[in-house]
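The residues making up each chain are set out below.
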Amino acid sequence: MWVKPQEIFIKTALWDSDETTLYFVLQRRKGHGKSKGFSSLLVGTLDSVRDTKPAPYRILHQTPNSEVYYVIATALTEPEIRQDWQWLFDNVCPTLHSFDTEEEVTEFVCCKINSILATEQEIFTEDEDSVTYKNVDYEFHERFRMPKDEKLVCYYSCSYWKGKMPRQGWMYLSVHYMCFYSYIFGRKTSIKIRWADVTELAKTNSLLFPDSIKVVTRDGEHYFTLFLRKNETFALMQQLANIAMKQLIDDKSGSFNIDKDLLTKLSKNVPKKPSFLKRDLDARKQSNLFTLRFRLPQNEKLDGTEECTLWTPYNKRHNWGRLYLSQNFICFESRVRNLVRLIIPLRNVHQVERADSGGTGSSSGDSGSILITTAHHTSFLFGNISDRDFLVHKISELLAKLPNDVYREKATKVLAQSDVDGWTPQPPLMTLFRTHQTSPIKQIQQKKEKQWEDHMAEVGRGVSMYQTTEGSELVVNGIPELLRGELWSVFSGSILQKAQNKGLYERLVNKALSTKTQANDEIERDLHRSLPEHRAFQNDVGISALRRVLCAYALKNPQIGYCQAMNIVASVLLIYCPEEQAFWLLATICETLLPDYYNTRVVGALVDQGVLEELTEVHLPELHAKLDELGMMKMISLSWFLTLFISVMPYECAVNVMDCFFYDGAKVIFQVTLTILDINREKLLKCTEDGQAMQVLNDYLQGIYNEEAMALSTEPRTAEKTIKIQELIYQSYRSYGSSVSNENIEHLRLKHRLRVVRQLEDSLEKNTLRALQQDKLLELNELQELLSAIREELLWAKRVPCERLEAPYESYRLDYTQFKTLFCALSPWAKGDFAEAITARMFKLMDYDDDGIVSARGLSVALGLSVRGEAARRLRALYAAHAPPLLPRRDLMPTHFTDTGEELAADAISFFDSADDEVIPEPGPLQRSISEVCGDGTPMDKSDSETSQIGPTYFTVESVRACGLAGLASGASTPGAGGAGGAGGGGAAPPLPRDHFLQLLAVLHDLTQSRPQVYEAVVLAGTLLLQLGELNHRPQLDREISQDSLFLAAAAKQPEVQLDPNGNTTEPEPEIRKPSPSPSKETEPEGVWSITLEQFLATMLSQPALEEFFNEKVSILPELELLRQRDRLQSVS
Amino acid sequence: MSSRKKALLKVIILGDSGVGKTSLMNQFVNKKFSNQYKATIGADFLTKEVIVDDRIVTMQIWDTAGQERFQSLGVAFYRGADCCVLVFDVTAPNTFKSLESWRDEFLIQASPRDPDNFPFVILGNKIDLDNRAVSAKRAQQWCQSKNDIPYFETSAKEAVNVELAFQTIARNALAQETEAELYNEFPDQIKLNANDNGRNRDGDNCAC
């Protein structure tokens, strides 16, 4: 890379010259590549300690009589610098001779380089990352052997506590890893930790490790210290770890995408950071906080913020606060907490105009004001904007970018819903199924409605109402039933989701109802178990609406599908909201308010369980110890949180909690829970066992009452009244309203997510290990190591969302490339020239459903067989892997082999080829299916692979597999799943045709290549088998030969064939002795060249050397260790 | 805990979603059937005093959530269980097939001292329905193969065999309890070890 010519004086201080010409010198930095010795060590240290990180190669320009040198090019790699060097030779050197003076030469060179730079710069202005950053990025990848697509986010100078010695070095934070590198006087410390392995991140300040960041993994603890910007570093570490956890929770977001959009958005406010990604992450974080604060759809991106005032007409005041601008919204929040909050969807904006001098005299002179008018003819006045023109410009720019179909809501009227598809969305069910109200309660409700009408007359109605302190007081008192639907939608932000996704609900319902899924079955079972006490759900109208909402959501979000408790929540929503609105409220709860709560592992609820535990510890320390002892937290949090108290409190009380929950978010659940625990503190402290404590809480919860609404349950109350719901809520705000904030909870969730996900992964791993051990092939410690290798390998792949796992190991899914990487690294079978072929064939053997994916078990069995199986099992597996139809003819010719491999195969084939008329099939069209397997994993051509007609019976792929893998714990892929592995127990493999057999033989040669004795044995057995095959082929052939071969075979050893217990225990001998031995010959007198499994096994095992060879038990631990060292460097010093 | 003569039996009811766990519990405790139960989230429990061999015993019956995604969260409720009731729906073969996994999961998570002899009881519920799909013989056979677990065919709706089944549950749990009292003299630490041993042994057994 050319650089602006720069004068330097000392040429050789830290550099070695590789080449020198009259005018140019090519240098390499000491400590790079070849040179060793003290000075190069020193340079390495300097480079590592200082932030200079010079590129290791450079070209200098010099003139013979000058002491001044100019750096004109630098590069990270030798080829790069060589390229520049060559260019100089071709383009510059010839010209230089024409100059008279050295000054002219120098001037020319500098000019030339500068001009190249000038043109290059135009091309590279798009390049986001600075040059130094690129150097570091390069070093990062080299040092830690990172795959190319691993992205470095940021790097920091810090020290690592190695024992009691701090080591000065660099911390590198990338998307998937946290690394540390230090190199001081020849002592290297290198640490590489996956974010996904981190169980705890904390800032500590102990005597031993002052002012440090602690990183805990399952393997140990690491302490880092002496950060320049500790808080920034820590925040970034937390964010990255959190992204890794989210990926583990939610397979969908498997890969991390840079959001270029975000970068340009925030460029005005964010200072230059070394990495593009870092800026992206910063922006992401800000956007998250922003969407959380205003309950906006999660993908909303913050554009910028601005200090200003908002004029509130209801009290005629200017309120200082901050205006937030994003692609679809203008939001405002007052500086005084909860004073006023406002959201204006841009699509409602009708007009933006500059207003002159913002109305009242209190403004400081020439403050810029803008007036925003919405389609509903409401105006909002912002004042004291420092850069008004910019803001107006920005807003109009955003307006212009709005997609046309959602532009301007005024045109959209509620379309008359056609009931073409046999359903109509229901209005709020309470309007259809009125509950009887006594007159005092009716009066209370009417009074509340009046209060709200008055309030909304002042602050407006709908999305853009001013959310004020007065409003929140009204919410705490309980929203009147009639207004619940509307206000819930506004407060929760679900109204925005609904507006952005017009018509989606209807489409989802139509599609969901016509498909049959497991989720739908589960939903069906729970429809009558949702809110059975309400009349609406004793009737088909309510039940059908509930079915539509739940099925549509299961379809919309397959990550969640259907989780019990959603039915209960949804049924309450349907009481108060029109159907579509209820759907969007449910979506908002599942995705924004209670993230991950309802997913397949209920992760979110477990995370919040941890959060609750921590909050209890902080606020109610003595109670925490007691509850911990009783194991209570785990019991209460699930039912309380997942159903928003609906299943534990009387219905008419739980809805009041929901009022606040939609207004204030998840914090409400926590503060109410803490309050309930606190109120019952004395009783709880006296409990001696969990049942007793549960009883205390149940009695209390059931006794909560609401005098302002009708009880739903018609049965007389049995529980003693305990507290008015309004009072409970009020008390919860008073005690914890300010100490438990949503930001606080979000922060704690981050911390506990690490732990919960780790636990889930651990238990998944434990279950997987337990299942894999049942195959009795690999040892436990091998399996453990293997799993961790698999995890490492899978990190780079997109995870496939799986609906339901039949077995724990199914969640580790390897495609062919991943399988190959591990199998080739670990199995002794994949060491020779046929490695690729064997691997591909074993893969197909293990790929039960032909989908190009095998589970962890597939790999463990394939590996296990190759190192631990008894000789017969190993040979059987090899045989099956080569038998049709599993190995179709077209796959016979190796495609990916090395040259020598091809030769070897050819050798083996020609060696045994006795001038037969049979022609080896041409490669070409035959090359497909291995490549199919290797490639994108499209299912293979069924027609070709289903069955094979060799021999009298049809052999299916399944039966061949079952035969090859006979002896496993439970026949096939899944225990008890019948089908796949069935095939009558052991399964059966067809006799091998000649070509298939030759392939198998070639593979056997390959396996035994390094062991002359064994190799001989293979050759011997191979010859016998080929003769046998011939014999099967041409029974009319001279008896002599056949007899000979038989004697040979028999003489070698009385074969005691240890066959598997699954039935194939037929002795091969009698079969061969008969003139018409193999089954194929009985039906086809002409005969086909073939070798049966029995013949193969008998002949092979009659060679002691072979039997011994295939009985050798090899540990794969050394290979695993090698793999590990290659993949992850663990603090090497 | 060790000093207390335990007159309290903790019983856990497990089984797939919708097999009638809540109904069975309510039929036994409250002697009534209702089709107005909400799906159980987390867990719920009821207590009832029963007389077993002239001894008054309090049964604390824990009813759990059946959906698969909650299965691994049961550990909090399992601890200290004296008996485990596995329920399936005789009209739904799948619920019968899952018994094995419920049983395994329970043993893993609760890790009782003596997993081989931990008292289980199997209930085939909903025999009042016509569309029966799991025969009594098949269920019986499975129970026999699992160390002779007692098996009852019940109907929570019509109160068939419910009382009898829970009597057996109480009796078996109590028998286990008497045996376990021996252990109660040991301090807690040793109990932990005993659990660990139990788990290991279980692991070995599973492999066959």
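Computed from a predicted structure; not experimentally measured.

Draft legend 1. View of the nonpolar core. If you look at the biggest cluster of nonpolar residues, it comprises 182 residues, and the most contacted ones within it are A:Phe382, A:Trp488, A:Tyr598, A:Met649 and B:Phe106. Sorting elements by how many residues they give to this core places helix α22 (residues 651-664) of chain A first, with 10 residues. If sequence neighbours within four positions are ignored, A:Trp488 has contacts with A:Ile479, A:Val572, A:Leu573, A:Tyr576, A:Cys577, A:Leu585, A:Val655, A:Met658, A:Asp659 and A:Phe662. Core analysis: the next-biggest nonpolar cluster, separate from the first, contains 86 residues, A:Ala771, A:Leu794, A:Leu863 and A:Leu878 among them.

Draft legend 2. Focus on the pairing of strand β16 (residues 340-345) of chain A. All names here are of chain A. Taking burial as the measure, the 6 residues of β16 include 6 buried ones, the bulk of the element. Here β16 shows two buried faces, one formed by Val 340, Leu 342 and Ile 344 and the other by Arg 341, Ile 343 and Pro 345. Both strand β15 (residues 329-334) and β16 contribute to a ladder of 5 bridges, which runs antiparallel. In the strand pairing of β16, Ile 330 is matched with Ile 344.

Draft legend 3. Focus on the pattern of salt bridges. All names here are of chain B. One pass over the structure, following the stated rule, counts 44 salt bridges over all chains. A salt bridge links Asp 89 to Lys 126, with the nearest nitrogen and oxygen atoms 3.3 Å apart. Pair noted here: Asp 89 is in strand β4 (residues 83-89) and Lys 126 is in the loop between β5 (120-125) and α5 (136-145), with a separation of 37 residues, a long-range link. When its relative accessible area of 7% is taken as the criterion, Asp 89 is described as buried.

Draft legend 4. Seen up close, the pairing of strand β18 (residues 368-374) of chain A. Residue and element names in this part refer to chain A. Burial runs high along β18: 6 of the 7 residues are buried. Looking at chain direction, strand β17 (residues 349-355) and β18 are connected through 6 bridges and run antiparallel. Looking across to β18, one finds that Val 349 is bridged to Thr 374. Pairing of β18 with strand β19 (residues 379-385) involves 5 bridges; the strand directions are antiparallel. Counted as the bridge partner of Leu 371 is Leu 381 from β19. In this antiparallel pair of consecutive strands, β18 and β19, the connection spans 4 residues, and His 377 shows a positive phi of 60 degrees.

Draft legend 5. Local environment of the interface of chain B and chain A. At the interface, 30 residues of chain B touch 44 residues of chain A. Interface of chain B and chain A: buried area, both sides summed, is about 3100 Å²; carbon and sulfur atoms make up 55% of it. Among the residues of chain B in contact with chain A, B:Lys38, B:Ile41 and B:Arg69 are the three that bury the most area, contributing 24% of the side total. Summed over the shared surface of chain B and chain A, the result is 2 salt bridges. Counting across the interface, chain B meets chain A through 15 residue pairs in polar contact (both at pLDDT 80 or more). Within the residue set of the side of chain B that touches chain A, elements represented by two or more residues are β1 (8-14), β2 (43-52), β3 (55-64) and α2 (75-78) of chain B.

Draft legend 6. Expanded view of the sheet that holds β4(B). All names here are of chain B. The strand order across the open sheet built from 6 strands is β2-β3-β1-β4-β5-β6, with neighbouring strands paired in mixed fashion. Edge positions in the open sheet fall to β2 and β6 (151-153), since each of these has one partner strand only. Within this sheet the neighbouring strands show an average axis-to-axis angle of 25 degrees, counted without direction. The sheet contact formed by β2 and β3 spans 10 bridges and is antiparallel. Paired with Asp 44 across the strands is Asp 63, a residue of β3. Running over the sheet, α5 touches β4, β5 and β6 and is turned about 160 degrees from β6.

Draft legend 7. Spotlight on the side chain of A:Gln27. Looking at the secondary structure, you find A:Gln27 in strand β3 (residues 24-29). A polar contact of 2.8 Å, which involves the side chain of A:Gln27, links it to the side chain of A:Arg58.

Draft legend 8. Examining the sheet that holds strand β11 (residues 212-217) of chain A more closely. Residue and element names in this part refer to chain A. One open sheet accounts for 7 strands, arranged β9-β8-β7-β6-β12-β11-β10; its pairing is antiparallel. Every other strand in the sheet has two partners, leaving β9 (187-194) and β10 (198-204) as the edge strands with one partner each. Between one strand axis and the next, the sheet turns through 30 degrees on average, direction left out of account. Sheet analysis places strand β7 (residues 165-174) next to strand β8 (residues 177-184), joined by 4 bridges and oriented antiparallel. Each residue of the ladder has a partner; that of Met 171, found in β8, is Phe 180.

Draft legend 9. Main features of the confidence of the model for chain A. Chain-level statistics for chain A give a pLDDT mean of 77 and a share of 77% at 70 or above. Scored below 50 in pLDDT, residues 797-804 of chain A shows 14 contacts in the model against residues more than four places distant or in partner chains.

Draft legend 10. Inspection of helix α25 (residues 690-702) of chain A at higher detail. Compared with an ideal rise of 1.5 Å per residue, which puts 13 residues at 18 Å, α25(A) spans 18 Å between its outermost C-alpha atoms and is within 8% of the ideal. Taken as a whole, α25(A) has its buried residues at A:Asp690, A:Gly691, A:Ala693, A:Met694, A:Val696, A:Leu697, A:Tyr700 and A:Leu701.

Draft legend 11. Structural context of the packing of aromatic side chains. In total, this model carries 42 aromatic pairs over all chains according to the counting rule given. On the basis of an interplanar angle of 75 degrees and a centroid distance of 5.2 Å, the ring pair of A:Tyr816 and A:Phe843 is categorised as edge-to-face. Of the two residues, A:Tyr816 sits in helix α29 (residues 816-826) while A:Phe843 sits in helix α30 (residues 835-846), which places them 27 residues apart along the sequence. No difference in accessibility class separates A:Tyr816 from A:Phe843, as the two residues are buried. Note on A:Tyr879 and A:Phe1096: the rings are 5.4 Å apart at their centroids and 40 degrees apart in plane angle, and the pair reads as tilted. Here A:Tyr879, found in helix α32 (residues 871-882), pairs with A:Phe1096, found in helix α42 (residues 1093-1101); they are 217 residues apart in sequence, far enough to count as distant. Comparing A:Tyr879 with A:Phe1096, the two get one shared label, buried. The ring of A:Tyr705 has A:Lys721 lying over it, and the distance from NZ or CZ to the ring centre is 4.7 Å. When the ring centre of B:Phe120 is taken as origin, the NZ or CZ atom of B:Arg103, which lies over that ring, is 5.6 Å away.

Draft legend 12. View of helix α26 (residues 725-736) of chain A. Residues and elements named next belong to chain A. Taking 1.5 Å of rise per residue, 12 residues should cover 16 Å, and α26 covers 16 Å from first to last C-alpha, within 8% of that figure. Among the residues making up α26, those that are buried are Ile 725, Gln 726, Leu 728, Ile 729, Ser 732, Tyr 733 and Tyr 736. Around the axis of α26, the buried residues are gathered within 165 degrees of arc, so they sit on the same side. Buried residues belonging to α26 abut α11 (469-476), α19 (603-619), α22, α23 (667-679) and α25.

Draft legend 13. Expanded view of the state of the cysteines. Residues and elements named next belong to chain B. Scanning the model with the defined rule gives 0 disulfides over all chains in all. With no disulfide of its own, Cys 143 lies closest to Cys 84 among cysteine sulfurs, the gap being 12 Å. Residue classification places Cys 143 among the buried residues on the basis of a relative accessible area of 1%.

Draft legend 14. Focus on unusual backbone geometry. Residue and element names in this part refer to chain A. Phi is positive for Val 602, close to 50 degrees, though the residue is something other than glycine. You can see Val 602 is positioned in the loop between α18 (579-593) and α19. On the accessibility criterion, Val 602 (0% relative accessible area) is buried. Within the chain, Leu 644 stands out as a residue other than glycine whose phi angle is a positive 50 degrees.

Draft legend 15. Spatial organisation of the environment of A:Gln759. On the secondary structure map, A:Gln759 appears in helix α27 (residues 742-773). Residues A:Gln759 and A:Thr199, spaced 560 residues apart in sequence, show a C-alpha to C-alpha distance of 9.0 Å.

Draft legend 16. Inspection of the confidence of the model for chain B at higher detail. All names here are of chain B. When pLDDT is averaged across chain B, the result is 83; 82% of the residues are at 70 or more. Below pLDDT 50 for its whole length, residues 184-208 participates in 18 contacts with residues either more than four positions away or in separate chains. For this predicted complex, the interface confidence score (ipTM) comes to 0.86, while the overall pTM stands at 0.74.

Draft legend 17. Spatial organisation of a negative patch on the surface. Taken together, the side chains of A:Asp100, A:Glu103, A:Glu104 and A:Glu107 present a region of like negative charge at the surface. Examined against the element boundaries, A:Asp100 turns out to sit in the loop between α2 (78-96) and α3 (102-124).

Draft legend 18. Main features of the environment of A:Gln445. Checked against the element boundaries, A:Gln445 lands in helix α10 (residues 439-459). Sequence separation between A:Gln445 and A:Leu482 is 37 residues, and the spatial gap between their C-alpha atoms is 8.5 Å.

What counts, and at which threshold
Residue numbers run consecutively from 1 along every chain, following the written order of its sequence. To label them, take the chains in the order written and letter them from A, then take the ligands in the order written and number them from 1. Under the rules for a predicted model, residues below a pLDDT of 70 receive no local features and side-chain atom pairs below 80 are neither given nor counted, while totals for whole chains, interfaces and linings still include all residues. As a convention, hydrogens and water are excluded, and side-chain values are obtained from all of the structure's heavy atoms. Among buried residues, the Ala, Val, Leu, Ile, Met, Phe, Trp, Tyr and Cys ones that are joined through side-chain atoms within 4.5 Å form a nonpolar core. The buried label goes to any residue with under 20% of its type's maximum accessible area, the exposed label to any with over 50%, and the partly exposed label to all in between, with areas taken from a 1.4 Å probe on protein chains only. In this description a helix means any DSSP run of H or I spanning at least four residues, a strand means any run of E spanning at least two, and both kinds are numbered starting from the N terminus. We call two residues contacting when some pair of their heavy atoms lies within 4.5 Å. Note on pairing: two strands pair once DSSP finds at least 2 bridges between them. In the sections that follow, a salt bridge refers to a side-chain nitrogen of Lys or Arg positioned within 4 Å of a carboxyl oxygen of Asp or Glu. Defined in terms of a 1.4 Å probe, buried area is the accessible area two parts forfeit on being brought together, summed over both. In protein, a polar contact means a hydrogen-donor-capable atom and an acceptor-capable atom, both N or O and within 3.5 Å, with residues adjacent in sequence counting only if both atoms are side-chain atoms; elsewhere, any N or O pair within 3.5 Å suffices. Angles run from 0 to 180 degrees between N-to-C directions of axes, and those axes are lines fitted to C-alpha atoms, restricted for helices to the stretch in contact. pLDDT expresses, on a scale from 0 to 100, how confident the predictor is about each individual residue. Any helix carries an expected span of 1.5 Å times its number of residues minus one. Geometry of aromatic contacts follows a simple scheme: Phe, Tyr and Trp rings, the Trp one being its six-membered ring, pair when their centres are within 6.5 Å, and the pair is stacked under 30 degrees between planes, edge-to-face over 60, tilted otherwise. Any Lys NZ or Arg CZ that is within 6 Å of a ring centre and within 35 degrees of that ring's normal is treated as a charge sitting over the ring. The directions considered for the arc run from the helix axis to the C-beta atoms. When two cysteine sulfur atoms are found within 2.5 Å, that pair is recorded as a disulfide. A patch consists of residues exposed above 30% relative accessible area that lack any salt bridge, with like charges linked at up to 9 Å and nonpolar side chains (Val, Leu, Ile, Met, Phe, Trp, Tyr) linked at up to 5 Å. Each accessible area is a Shrake-Rupley result for a 1.4 Å probe, and residues are judged covered by the shown protein chains and nothing else. His is not counted here, nor are the chain ends, while Lys and Arg score as positive and Asp and Glu score as negative. To locate a charge, take atom NZ for lysine, CZ for arginine, CG for aspartate or CD for glutamate.

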